[in-house]
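# Geometric and topological summary
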Amino acid sequence: MRWAVALGALVLLASCAGDAEMRIPGIPPNCGDGFINSDEDCDDGNTIGNDACTNICALARCGDGILRQDLDATDDDAEQCDDGNRDNADACRNDCSPARCGDGVIAKEIEGCDDGNTEPADACTDACQTAHCGDGIARQDLSFGQPGYEACDDGNAVDNDACLSACERARCGDGVIRTDLPEGLAGYEACDDANDADADACRNTCIRSRCGDGVLRMDLGAQQDGYEACDDGNVFDEDACTNACTVARCGDGIARNDRPLGSADYEACDDGNAADTDGCKEGCRVANCGDGVWRQDLQEGEVDFEGCDDANDEDGDACLNNCVLARCGDGVLRADLAENDPAFEHCDDGNDWNFDGCADCSVPERRVYATHALGERTYAQLSDGSTWSWADTAPSRVDWPALRHLSRTAMVLVDGRVASWAGNEQQTMVPGFTEGLRAASGSHHNCAVVRSGRIFCWGANDHGQLGNGWVGENHNQDGPVAVQNMLNAIDVVASNTTSCALRSNHTVSCWGALPDRMLSLTSNERSSQLLASGNPITIEGANEINKLFLTTAWAQDGSDPACLNERVDPPLQGDNRCPEAAQLAGKACVESSCRTLTMAACAIDQGAMLKCWGDSVSQHDAITNLSGGLDYGCMVTTEGAVHCHGSNEEGQLGLGVRGEAEPGAVVDLEPVTSVVSSPLHRCALTRRGQVWCWGADGHLGQQPTEHYCTYRQGDPRDERHCQRHYFASRPMQVPLTP
């Protein structure tokens, strides 16, 4: 090409010189005329320099520095390059072909090698570079062990992947920890210590040694972290090798279960401590009552609690066979003490009731602890567990079991059972009661409160007096039903068709026939509205109540005693003493007329204040400084004096006179705890446990000395025609004999 350029320049110069003859050295004078002269190799008559005949009339050849362009690439003598030199190691080979990797000639500064082939995985890569570890091509022309052998080549210098920087495949044991795989995939390595010891920190599987892998580590001392005394390769903690790879032993806190009972290393328990007074004793034996070791790890009331353990089967000593300290009231009579010992037991009936013949494990002084006026009869309960009654005869013992509480037609036995009874004094057990505390009786229904604080009632339910949410005669119940929403009762009272409960929070709830004046202790409004409620209703204002009474009261002034029975129509007529029919019917006869009873309630609050409310009693009628009892017209003061009100025709006021008298305390009576009343007589229980009664004869347990006479019309008024009526205007002691 450069020859063509030079020739063009010469032609131009020649034309500019006119006819002057100019010649370029080396170019024949007639070159380009189409005729081959003696100094020409060729003359094609044109000025094209890159065809078969150059512009200097020389035959084109490889190496002349002119790239031929008149031939196809596949033609003979075709040139792809022509650098005009004979250096075969530059970019253009001596055959006028461009240098290329794989032509067998190493191009200077371009190729590191050229083995004349295109095999990339031999000593010379297909990029004509000398093969080396890290070039990304794994050599395959060498065998394992030959210098330069490559098992892999990932082209990087990272040493912790699948191919090491030395072109060796990563393997467990090569001393390099692979980090390119997540745990769980094949080839993952958590460690690699480059040794074949399987009992050190790194297993032969390149997994870190751990307790429970089944391989016992041997590379650590007993005091070093990770030390294994054993390794059984399982997750059972209760065998010979624990999950902490320690040899199982008594006291390690793990109870072995792989040994049969009776074997030397059998463990019934293992609490991990050396204490011998808890649930697991020394030697890994379960503590039990009677083993002679006193457990002290439990609180009283917890299962297996021991208050003592004397390792004997004697139940009558200081430690019972159930490992409870002997105490008065446990039902076991101690036999290991002398009679002069303070803890000596004369008896032990296993209950906390002191009025059944065994009080504080001693035979108590025989005394009365409760009295009841029920209809025509008066009952007394004695500390020896017996019950006595009398009406118009001397007191006699009633064939009853020991009682905890007695109401008009129901009783609670000391063992918590509940019975109902009629005037014939025969009891019928009420099913379902085992923890009864107190009972109450209305006209035709009964209720009982149990230790759990619930109340159960049975009988008539025409006014909802059972409290089970229903009202009506078709809902009467022969067996006990639970009072709705009653969980914390401590006492229950009843009268006619009404029931009330005193709760542990000192509030009052009532159900059944409820005059609207009974619904609020604070209201002074009076009306004749009557509510029949089958569910308990909380009495407004009845707070801080300690004792509750429910009774009938006289409709006019509330001053006379009352009878707890049904009404009758028409009203009865009679003389100035209430006939028996009127008493049973709930009528009081005064001056030849009978008056109907209405409902009232009274309560003693925590300040010893008596509060009464209901149909015929106003809140303003409350009397202070009262406690003990209120029963149909008599009250007991905090000092133990008795005050009664109402009629005194039979000396019922106990003032020492018969007939009208100024109110005052009952005379000749030592301090009392409670009083019971009927229309014609009253009885008081003294603090010393004696019963004293006053009023009409026939109800006092003995005949009094006082009397008065009545005469039939027309009879002479002398002693021969006198019909004697005995009474006691002063209290008389009731003779209760064994």
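Structural notes, computed from the coordinates. Model, not experiment: these values are computed from the prediction. (Residues numbered from 1 in each chain as written. Predicted model: local features only at pLDDT ≥ 70, side-chain atom pairs only at ≥ 80, totals over all residues. Heavy atoms only, no water.)

A word on the state of the cysteines. Taken as a whole and judged by the stated rule, the model has 22 disulfides. The residue that forms a disulfide with Cys42 is Cys53, at a sulfur-sulfur distance of 2.1 Å. When the S-S torsion is 95 degrees, as for the bridge of Cys42 with Cys53, the disulfide is right-handed. Pair noted here: Cys42 is in the loop between helix 1 (2-16) and strand 1 (280-281) and Cys53 is in the loop between helix 1 and strand 1, with a separation of eleven residues, a long-range link. A sulfur-sulfur distance of 2.1 Å marks the disulfide that ties Cys230 to Cys241. Judged by the sign of its S-S torsion, about 95 degrees, the bond between Cys230 and Cys241 is right-handed. In this pair, Cys230 is assigned in the loop between helix 1 and strand 1 and Cys241 in the loop between helix 1 and strand 1, connecting sequence segments eleven residues apart. (Disulfide = S-S within 2.5 Å. Helix = DSSP H or I, 4+ residues; strand = E, 2+ residues; numbered from the N terminus.)

Right, let's get into the pairing of strand 15 (residues 489-495). Note on strand geometry: in a regular strand, side chains alternate between the two faces of the sheet. In terms of burial, strand 15 is a largely internal element, six of the seven residues being buried. The pairing of strand 15 with strand 16 (residues 498-503) spans six bridges and is antiparallel. Within strand 16, the position partnered with Asp491 by the bridge is Leu502. The turn joining strand 15 and strand 16, which pair antiparallel and follow one another in sequence, is formed by two residues; a positive phi near 50 degrees is taken by Asn496. (Buried < 20%, exposed > 50% of the residue type's maximum accessible area, 1.4 Å probe, protein only. Pairing = 2+ DSSP bridges.)

With that settled, the discussion passes to a negative patch on the surface. Together, Asp72, Asp75, Asp76 and Asp77 make up a negatively charged patch on the protein surface. With respect to the element layout, Asp77 can be found in the loop between helix 1 and strand 1. (Patch = residues over 30% accessible without salt bridge, like charges linked within 9 Å, V, L, I, M, F, W, Y side chains within 5 Å. Areas by Shrake-Rupley, 256 points an atom, 1.4 Å probe, with all protein chains shown as cover. Salt bridge = Lys/Arg side-chain N within 4 Å of Asp/Glu carboxyl O. Lys, Arg positive; Asp, Glu negative; His and termini not counted. Charge placed at Lys NZ, Arg CZ, Asp CG, Glu CD.)

For the rest of this paragraph, the subject is the side chain of Asp239. Along the chain, Asp239 falls in the loop between helix 1 and strand 1. The buried charged residue Asp239 lacks any salt bridge partner; its closest oppositely charged side chain belongs to Arg256, at an N-O distance of 6.7 Å. Among the polar contacts listed, one links the side chain of Asp239 to the side chain of Asn234, at a separation of 3.1 Å. Those residues in contact with Asp239, other than ones at most four positions away along the chain, are Asp232, Asn234, Ala248, Arg256 and Asp258. (Polar contact = N/O pair within 3.5 Å; in protein donor to acceptor, adjacent residues only side chain to side chain. Contact = heavy atoms within 4.5 Å.)

Our next topic: the packing of aromatic side chains. Under the definition given, this model contains eight aromatic pairs. Taken together, a centroid distance of 5.6 Å and an interplanar angle of 90 degrees make the contact between Phe144 and Tyr149 edge-to-face. With relative accessibility at 30%, the residue Tyr149 sits in the partly exposed group. Taken together, a centroid distance of 5.7 Å and an interplanar angle of 55 degrees make the contact between Phe433 and Trp458 tilted. With Phe433 in the loop between strand 10 (427-430) and strand 11 (436-441) and Trp458 in strand 13 (residues 455-459), this residue pair connects regions lying 25 residues apart in the sequence. Neither residue differs from the other here; Phe433 and Trp458 are each classed as buried. Site record: aromatic cluster; members linked through ring pairs are Tyr379, Trp400 and Trp421. Across from the ring centre of Tyr708, 3.4 Å away, lies the NZ or CZ of Arg658, which sits over that ring. We note Arg658 situated over the ring of Phe727; from NZ or CZ to the ring centre the distance is 5.7 Å. (Phe/Tyr/Trp six-rings, centres within 6.5 Å; stacked < 30°, edge-to-face > 60°. Lys NZ or Arg CZ within 6 Å of the ring centre and 35° of its normal.)

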